[in-house]
Amino acid sequence: PKPFSPAELVARVQRVLARSDRKGDGAPQAEAGRPLVHGELSLDRERHTAQLGRRPVALTAIEFRLIVALLEADGRVLTRDQLLDAVYGLDAEAVLERTIDVHIGRLRDKLDDTAAEPRFVATVRGVGYRSTVRPEPIGARGRSANGPVR
């Protein structure tokens, strides 16, 4: 292997330690059995399925891990590097940072989401991505009102 700096070694060890309390699929062990729900999007981590309303959404393994990581962060901004770690794990070193942008674009297409008016994934320019604020419960008029992106 090629030599690398002590700072890189520390960063790699920190990444491994951050993942050490997780199962192999990247989901925290205590919550792996519960579905992850964000507005009309529902993710079943055990069955690896996604539904938008009543419609099943076919996501690749990478897209699924990406949306799970964003929703589990609960509105906190995740950098591209953090998302690469969540999606690719130890293999993230060989993947370009901008690959995340491509996956986010495809994920938005499948979830009928847009960058201009995000329902699920918001871009934080120059930093990364985060999930949007959960929509308010269905009101008296029978529709959901989305809150502002935090």
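The coordinates are above.
Quick summary incoming for the structure in this document. (Residues numbered from 1 in each chain as written. Predicted model: local features only at pLDDT ≥ 70, side-chain atom pairs only at ≥ 80, totals over all residues. Heavy atoms only, no water.)

In terms of regular secondary structure, the protein chain is built from four helices and seven strands. A burial count over the protein chain gives 34% of its 150 residues as buried. Put simply, the protein chain shows about 9500 Å² of open surface, and 54% of that area lies on carbon and sulfur atoms. (Helix = DSSP H or I, 4+ residues; strand = E, 2+ residues; numbered from the N terminus. Buried < 20%, exposed > 50% of the residue type's maximum accessible area, 1.4 Å probe, protein only. Areas by Shrake-Rupley, 256 points an atom, 1.4 Å probe, with all protein chains shown as cover.)

Here we take up helix H4 (residues 99-110). Owing to its 3.6 residues per turn, the α-helix aligns residues three or four sequence positions apart on the same side. End to end, H4 covers 17 Å across 12 residues, agreeing with the expected 16 Å (1.5 Å per residue, within 8%). Among the residues of H4, those classed as buried are Ile-100, His-103, Ile-104, Leu-107 and Arg-108. Projection of H4 onto a plane perpendicular to its axis shows the buried side chains occupying an angular sector of 135 degrees, all on one side. One or two steps after H4, the chain reaches Asp-112, where phi turns positive at roughly 55 degrees. (Expected span 1.5 Å × (residues − 1). Arc of directions from axis to C-beta.)

Before going further, it helps to examine the pairing of strand E7 (residues 128-131). Residue alternation in E7 divides its side chains into two sets, Gly-128 and Arg-130 and Tyr-129 and Ser-131, and both sets are buried. Across two bridges, strand E5 (residues 78-79) lies against E7 in antiparallel orientation. Within E7, the position partnered with Thr-79 by the bridge is Gly-128. Here strand E6 (residues 121-124) pairs with E7 via four bridges, running antiparallel. The residue of E7 that forms the bridge with Ala-122 is Arg-130. (Pairing = 2+ DSSP bridges.)

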